[in-house]
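Residue-level listing of the chains:
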Amino acid sequence: MPYTVFKDNREFIKALEANDDLVTIQQEVDWDLEMGAIVRRVCEKKSASPYFKKIKDYPGFEAFGAPLATYKRLAIAMGMKPDASVPEISNEYVKRTTGDPVKSILMDKKKAPCKENIWTGKEADLFKLPGPMVHDGDGGRYLATWHFVVSKDLDTEFVNWGMYRQMVFDEKTMVGPVLPFSDMGKMFYGKYVPKNKPMPFATVIGCDPLSGVAACAPSPIPEDEFTGMLMGAPVELVKCETNDLYVPAHAEIIIEGEVLPDIKIDEAPFGEYTGYRTSPREPRTVYRVNAITFRNNPIVTVSNMGVPTDEGQLLRSFSLGLEMRKLLESQGIPITGVFMLPESTHHLVVVGVRPAYSGIASQIANLVFGSKLSPWFTMVVVVDNETDIYNKDEVIHALCTKCHPIRGIRKYEQAPGTPLYPFADPEERKWSRGSQVLFDCTFPLDWPKASIPIKVSFNNVYPKEIQDMVLKNWKSYGFKD
Amino acid sequence: MAKKEYDTFILIELSQVPEDKEMEIIVRDLTPEDRRYKYRSFYATAMISKSESKYPDRLWVRLGRGQLQEKPWSVKILKEVNKFSY
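Residues numbered from 1 in each chain as written. Chains lettered and ligands numbered in written order. Predicted model: local features only at pLDDT ≥ 70, side-chain atom pairs only at ≥ 80, totals over all residues. Heavy atoms only, no water.

## A closer look at the overall build of chain A
Selection criterion: Secondary structure elements are taken from DSSP: a helix is a run of H or I of four residues or more, a strand is a run of E of two residues or more, and numbering for both begins at the N terminus. Buried means the residue's accessible area, taken with a 1.4 Å probe over protein chains only, is under 20% of the maximum for its type, while exposed means over 50%, and partly exposed covers the values in between. In what follows, a contact means two residues having at least one pair of non-hydrogen atoms within 4.5 Å. For the purpose of charge, His is not counted, nor are the chain termini; Lys and Arg are scored as positive and Asp and Glu as negative. Think of each charge as sitting on NZ of Lys, CZ of Arg, CG of Asp or CD of Glu.
Along the backbone of chain A there are 12 helices and 21 strands. Each principal axis of the C-alpha distribution contributes one length, and for chain A these read about 80 × 55 × 45 Å. Put simply, chain A has 481 residues, and 59% of those count as buried. Counting only contacts in chain A whose residues sit at least 6 apart along the sequence, the fraction spanning at least 24 positions is 71%. In chain A, which carries 56 positive and 62 negative side-chain charges, the distance between the mean positions of the two groups comes to 1 Å.

## A closer look at the overall build of chain B
Filter applied, for reference: Note on method: radius of gyration uses C-alpha positions; expected globular size equals 2.2 Å times residues raised to 0.38.
Within chain B one finds zero helices and five strands. Going residue by residue from the N terminus, the α and β elements of chain B occur as β-β-β-β-β. Taking 12 Å as the expected radius of gyration for a compact globule of 86 residues, we find that chain B reaches 13 Å, a close match to that expectation. When the backbone C-alpha atoms are referred to their principal axes, chain B occupies close to 35 × 30 × 25 Å. Counting contacts in chain B only where the partners sit at least 6 residues apart, residues at least 24 apart contribute 55% of the total. Within chain B, the 14 negative side-chain charges are centred at a point lying 2 Å from the centre of the 17 positive side-chain charges.

## Section: the interface of chain B and chain A
To keep it simple, the criterion reads: Defined here as a combined quantity, buried area equals the accessible surface (1.4 Å probe) lost by two parts on assembly, summed across both. Salt bridges are identified by distance alone: a Lys or Arg side-chain nitrogen within 4 Å of an Asp or Glu carboxyl oxygen.
At the junction of the two partners, chain B supplies 20 residues and chain A supplies 36 residues. Overall, the association of chain B and chain A removes approximately 2500 Å² of surface from exposure, summing both partners, and the carbon and sulfur fraction of that is 52%. Sorting the residues of chain B by area buried against chain A places Arg36(B), Arg65(B) and Phe84(B) first, and these three jointly supply 29% of that buried surface. Linking chain B with chain A are five salt bridges, by the criterion used here. Salt-bridge contacts for Arg40(B) lead to Glu171(A); the nearest nitrogen and oxygen are separated by 2.9 Å.

## Describing the sheet that holds strand 3 (residues 40-49) of chain B
Residue and element names in this part refer to chain B. Let me state the cut-off plainly: Paired strands are those between which DSSP finds at least two bridges. Every axis in this analysis is a line fitted to C-alpha atoms, fitted for helices over the stretch in contact. Angles between the N-to-C directions lie between 0 and 180 degrees.
Judged by pairing direction, the barrel is mixed, and its five strands sit side by side in the order 1-2-3-5-4 before closing back on the first. Across the sheet, the axes of successive neighbouring strands diverge by a mean angle of 55°, strand direction being ignored. Direction of pairing for strand 2 (residues 23-29) relative to strand 3: antiparallel, over a ladder of seven bridges. Within the sheet, the bridge partner assigned to Arg28 lies in strand 3 and is Ser41.

## Focus on helix 10 (residues 392-402) of chain A
All names here are of chain A. Note the threshold: Along the arc lie the directions from the helix axis toward the C-beta atoms. Pairs of N or O atoms within 3.5 Å make up the polar contacts considered here, provided that, within protein, one atom can donate a hydrogen while the other can accept it, and that residues adjacent in sequence are counted only when both atoms are side-chain atoms.
For helix 10, every residue scored as buried is listed here: Val395, Ala398 and Lys402. One face of helix 10 carries all of its buried residues, which in axial projection span an arc of 75°. Exposed residues on helix 10 whose side chains face more than 90 degrees from its buried face are Asp393 and Cys400. Against strand 18 (348-353), strand 19 (379-384) and strand 21 (433-441) lie the buried residues of helix 10. Measuring from the backbone nitrogen of Asp393 back to the side-chain oxygen at the start of helix 10 gives 2.9 Å, which picks out Asn391 as the cap.

## Comments concerning a nonpolar patch on the surface
Counted only if it meets this: Residues forming no salt bridge and having over 30% relative accessible area are the ones grouped into patches, like charges within 9 Å of each other and nonpolar side chains (Val, Leu, Ile, Met, Phe, Trp, Tyr) within 5 Å. Throughout, the Shrake-Rupley method with a 1.4 Å probe supplies accessible areas, and for residues the shown protein chains are the sole cover considered.
A contiguous nonpolar surface patch, about 980 Å² in accessible area, is contributed by Ile454(A), Val456(A), Phe458(A), Val461(A), Tyr462(A), Ile466(A), Met469(A), Leu471(A), Tyr477(A) and Phe479(A). We classify Phe458(A) as partly exposed; its relative accessible area is 35%.

## Quick notes on the pattern of salt bridges
Residues and elements named next belong to chain A. A full pass over the atoms with the stated rule returns 43 salt bridges over all chains. Note that Glu241 and Lys109 form a salt bridge whose closest N and O atoms lie 3.3 Å from each other. Of this pair, Glu241 sits in the loop between strand 12 (236-239) and strand 13 (246-248) while Lys109 sits in the loop between strand 4 (105-106) and strand 5 (117-120), and the two are 132 residues apart along the sequence. When its relative accessible area of 30% is taken as the criterion, Glu241 is described as partly exposed. You can call Lys109 partly exposed: its relative accessible area is 35%. Linked through salt bridges whose partners overlap, the residues forming this network are Arg165, Glu267, Glu272, Glu282 and Arg284.

## Remarks on the packing of helix 4 (residues 86-96) of chain A against helix 8 (residues 311-330) of chain A
All names here are of chain A. Applied cut-off: Put simply, angles under 35 degrees are roughly parallel, angles over 145 are roughly antiparallel, angles from 65 to 115 are roughly perpendicular, and the rest are oblique. For any helix crossing, the convention is left-handed if the near helix is rotated counterclockwise from the far helix by under a right angle, and right-handed if that rotation is clockwise. Three categories are distinguished: nonpolar for Ala, Val, Leu, Ile, Met, Phe, Trp, Tyr, Cys and Pro, charged for Asp, Glu, Lys and Arg, and polar for the others, with Gly belonging to the last.
Closest axis-to-axis distance for the helix 4/helix 8 pair is 11 Å, and the angle between their directions is 60°. With respect to helix 8, the axis of helix 4 lies oblique. In terms of crossing hand, the pair formed by helix 4 and helix 8 is right-handed. Within the contact between the two elements, helix 4 uses Ile89, Ser90, Asn91, Tyr93 and Val94 and helix 8 uses Phe318, Ser319, Leu322, Glu323 and Arg325. Here the contact of helix 4 with helix 8 is composed, by residue class, of five nonpolar, three polar and two charged.

## A short note on the pairing of strand 1 (residues 5-9) of chain B
Working note: regular strand, side chains alternate between the two faces of the sheet. Residues and elements named next belong to chain B. Most of strand 1 is tucked away, with five of its five residues classed as buried. By the alternation rule, side chains of strand 1 split into Glu5, Asp7 and Phe9 and Tyr6 and Thr8, which are all buried. Note that strand 1 and strand 4 (residues 57-62) share five bridges and pair parallel. For Glu5, the partnering residue across the bridge sits in strand 4 and is Arg58. Bridge count for strand 1 against strand 2 is two bridges, and the pairing is antiparallel. Residue pairing in the sheet places Asp7 in a bridge with Arg28 of strand 2.

## Brief notes about the packing of aromatic side chains
Applied cut-off: Each pair of aromatic rings taken from Phe, Tyr and Trp, with Trp reduced to its six-membered ring, is defined by centres within 6.5 Å and is described as stacked if the planes are under 30 degrees apart, edge-to-face if over 60, and tilted in the remaining cases. Two limits define a charge over a ring: the Lys NZ or Arg CZ must be within 6 Å of the ring centre, and within 35 degrees of the ring normal.
Going through the model one piece at a time under the given rule, you end up with 25 aromatic pairs over all chains. Arranged with centres 6.2 Å apart and planes meeting at 85°, the rings of Trp31(A) and Tyr39(B) form a pair that is edge-to-face. Residue Trp31(A) is located in the loop between strand 1 (22-25) and helix 2 (34-45), and its partner Tyr39(B) is located in the loop between strand 2 and strand 3; the two belong to separate chains. By the burial criterion, Trp31(A) is buried, and Tyr39(B) matches it. One aromatic cluster is present, built from ring pairs that chain together Tyr58(A), Phe61(A), Trp119(A) and Phe294(A). Over the aromatic face of Tyr3(A) sits the side chain of Arg96(A), whose NZ or CZ is 3.7 Å from the ring centroid. Of note, Lys83(B) hangs over the ring of Tyr43(B), and the distance from its end group to the ring centre comes to 4.8 Å.

See below:
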């Protein structure tokens, strides 16, 4: 069943405007830091998305900032009411993505909006696109900040859509990190590089919002089919001009080319998802460009990684947490929910559980840290079913009162990590070594019942009739809230 | 003619950077004729000096996390080096 969703960013921009969540900026803005600074401030203030109509040096191009940096925008993208709560959005996401995958369909090239303009050869020049200098001090202009890269396995039909940042190096070259445990990293470094074969790629900029959500999601379902599940309808794809990859037909800009197996060049620094510039400038994966196709008056999407909350933090937290929820439920663990705080820059996950047996928190941590997604989970906080996992105050209270500072904390060393951890030392970053920790915020089951502390809250220590009376008379006591 | 300006990222101790010797570095063009090409990177054979006036063009120095150093150096770009076969 199709949901009320948007086939492209243009429809989504109109929906944000209709929901008073868009600021259309008519005055010219500079791609060199000004645009980035605006988007950064938007993320930090949780302001409406900026829609830039005039970009200095680039007449005819537009830009759209912070497209999905709030739950409100995510709810709108999902076709839900704008004030849907996080649990409501989460449950809807799980419902839609638990059924059968929805196969994408092909669109005739002549009808595909992303083919309205085609540059090949010398004309396919990255500096003809308004790649922003996002933060002062970045290693270059990052054309790809809210986008995804399409790549295909060398031996199978497996296709990956993933967000791998790309810095413009020169007219024909982009460069960026491809971590070896990522889907694209496994294909490229595991198969193409040993055979010294270039890997075809297509970078999709300005896709519909749910394709972006899917590209962030760590689901085993192919991302185009996952997008179809979120939309309730097939995604329309079109074949690239210079390789056999398929891309969303309604996207704004497609950059086609090859990932080179025999050379690396320096990339970074860059303001990263953790809110710091952490990973070193070092030789990284090289993309050479063969063609650029784009819609008339293309709209470049601009995300700005930094301190919370940007769309990378929000959506990765959202989808990582929910994929972990699916995994834990599939194992029969009596969880009450999983929530990853966006403010944790998807490092801390809160798992609510009915403490049915001893050691349940360790079992949860072992599953989380033993999963494919392990490097993105550095801290697991397990709380009991009395704690609202979505309520930061309650989670902090549980962490500080139920987690024993020695017995409640278990460390996991020698884990896979990333070079992006700000807390890691330079050697750990160099070798992508991680460490993880469990905070067990459940009271041990072997304590005598009479020894278990009783939570002192309005809901817990007053008889129901007293609670009802106080609630009924609240306003008449003189309270205004 | 106004000096051209470039910048480069230095990933070793600044005191260890060799001066007045031909070496290969990556620089970014900060003053291209067509502003759309600002920050274009390229490999270059170049000579550098910590003196701002020794070589014809200005070279701004950034450290590994992007920290801009207060005083510029100078650079003489001898040639651009193409690292790609196509």
